[in-house]
Amino acid sequence: MVTTAFGAHPLNGPGPLFLLLLALVIDAAAGDWIAHVLPDPSALSRRFCAWADRRLNRVERGKTARLLRGALVVLALLGMALAVGLLVDRIGAVGRGWVLELLVIVATLRGRASWMRVRAVRRALETGGAAAAQEAILPLTRRHAFSLDEHGVARAAVEGAAKAFARKLVAPVFGYALLGAPGLLVWAAVDGADSALGNPGVRHERFGLTAARLDDALNAIPARLAALLLALAAPFVGARLGGAVRGMVRDGRKSASFNMGWPTAAMAGALGLALGGPHRDGGVVITEPWIGDGRARATPADIGRALALTAVAALILVLLVALLLWGVAGV
């Protein structure tokens, strides 16, 4: 019996790359609706880590104890994700078990759902101004949303579009293409852990360190791939390929995030914007570097351009998966 590098024998059902391509099409067509139906593995991981944070991350414990407890939480989570992924892999290779594997992929991809959140911010800005948009931007930024003016909300939405493209579409596609369902669910587990525990600040400085470092490692390649896809998509929406490339080279490392500066810099360079920059958190000014050397006064129209750019970049990603499937099928 012949097997491929990408999973089970295709005679037992659709191969993994075909399932991935099908899942991408389903996500593009109905991902926002599916997000209300299928549980998000990343969100489940986030809830588990939030529960563990409340139970185990006590301020009276020493730094080493909190570091070890946080590491154990992440290791337990990874063990569960790996076990479930291997089970899905095993079931997917038998009969119609591929349907379960397809559902797991679709549940983990959140490309359209994230895209729709960004679009909701644009609509809120256009109809209700900053006050309405501050509520809409909350799921997309770690900044203090209620301190942002209209331009600040628009910048955060453009940044959110770039980061969501990298984290919620490119990264899970990369994880699944590389290691199948186990790779996909391990990525989702780490993504949720970083969301719950990787926030900057004293509380998670030690307890969330393992989650943050693992997240950095797993997203290193996908984040840079996402930046490249955004750059390649730029000419198709009237944006600047050269600006995107220059932005990546010059500003990709400026962000406090090890990875998310890359897609943010590509987005800023392509659209001629300056993203990031100082912002207020309550009464405190948080100093962050500017990414990009264009306009800082972003508008709802810039959010629309960012949405178009990520949509075309997602289409290029789908085409790459299709080409990979065609290449494997022809071997």
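Just so we're clear, the structure is a prediction, and the values are computed from it rather than from any experiment.

Asks: Would you mind showing me how to read the nonpolar core here?
Replies: As a rule of thumb, nonpolar side chains are buried together in soluble globular proteins. Core analysis: the biggest nonpolar cluster contains 85 residues, and F165, M267 and I303 have the highest contact counts within it. Sorting elements by how many residues they give to this core places helix 6 (residues 150-197) first, with 22 residues. In contact with F165, other than residues within four places in its own chain, are V170, A226, L229, L230, T310, A313 and A314.

Asks: Is there a simple way to think about the side chain of D215 in this case?
Replies: Looking at the element boundaries, D215 is found in helix 7 (residues 209-233). You can call D215 buried: its relative accessible area is 4%. Setting aside chain neighbours within four positions, we find D215 in contact with R167, V190, D191, D194 and N259.

Asks: Teacher, can you tell me more about the pattern of salt bridges here?
Replies: Charged atoms that come close allow side chains of opposite charge to pair. Enumeration over the complete set of coordinates arrives at 17 salt bridges. Residue R112 is joined to D32 by a salt bridge in which the shortest nitrogen-to-oxygen separation is 3.0 Å. Of this pair, R112 sits in helix 5 (residues 111-137) while D32 is found in helix 1 (residues 16-34), placing the two residues 80 residues apart along the sequence. The partly exposed category is assigned to R112, whose relative accessible area is 24%.

Asks: When you look at the packing of aromatic side chains in this model, what are you seeing that I'm missing?
Replies: For any two aromatic rings, the description comes down to two numbers: the centre-to-centre distance and the angle of the planes. In this structure the tally under the stated criterion is 1 aromatic pair. The interplanar angle of 35 degrees and the centroid separation of 6.1 Å between the aromatic rings of F48 and W51 together place this pair among those described as tilted. Taken as a pair, F48 and W51 lie in helix 2 (residues 41-56) at a separation of 3 residues, close to a single helical turn. The aromatic ring of F258 is capped on one face by R224, whose charged end is 5.1 Å from the ring centroid.

Asks: Any chance you could explain helix 7 here in plain terms?
Replies: Spacing of three or four residues puts side chains on the same side of an α-helix, whose turn is 3.6 residues. Spanning 25 residues, helix 7 covers 35 Å between terminal C-alpha atoms, matching the ideal 36 Å at 1.5 Å per step. The largest bend along helix 7 measures about 50 degrees and falls at N219, with the proline P222 one to four residues further on.

Asks: Would you mind going over the confidence of the model for the chain with me for this structure?
Replies: The predicted structure's coordinates, where accompanied by low pLDDT, should not be read in detail. With 95% of its residues at a pLDDT of 70 or more, the chain shows a mean pLDDT of 91. A low-confidence stretch, residues 1-11 stays under pLDDT 50, and its non-local contacts, those more than four residues away or across chains, total 11 contacts.

The rules behind each value
Residues numbered from 1 in each chain as written. Predicted model: local features only at pLDDT ≥ 70, side-chain atom pairs only at ≥ 80, totals over all residues. Heavy atoms only, no water. Core = buried A, V, L, I, M, F, W, Y, C linked by side-chain atoms within 4.5 Å. Buried < 20%, exposed > 50% of the residue type's maximum accessible area, 1.4 Å probe, protein only. Helix = DSSP H or I, 4+ residues; strand = E, 2+ residues; numbered from the N terminus. Contact = heavy atoms within 4.5 Å. Salt bridge = Lys/Arg side-chain N within 4 Å of Asp/Glu carboxyl O. Phe/Tyr/Trp six-rings, centres within 6.5 Å; stacked < 30°, edge-to-face > 60°. Lys NZ or Arg CZ within 6 Å of the ring centre and 35° of its normal. Expected span 1.5 Å × (residues − 1). Bend = angle between axes of the 7 residues up to and from the residue. pLDDT = per-residue confidence, 0-100.

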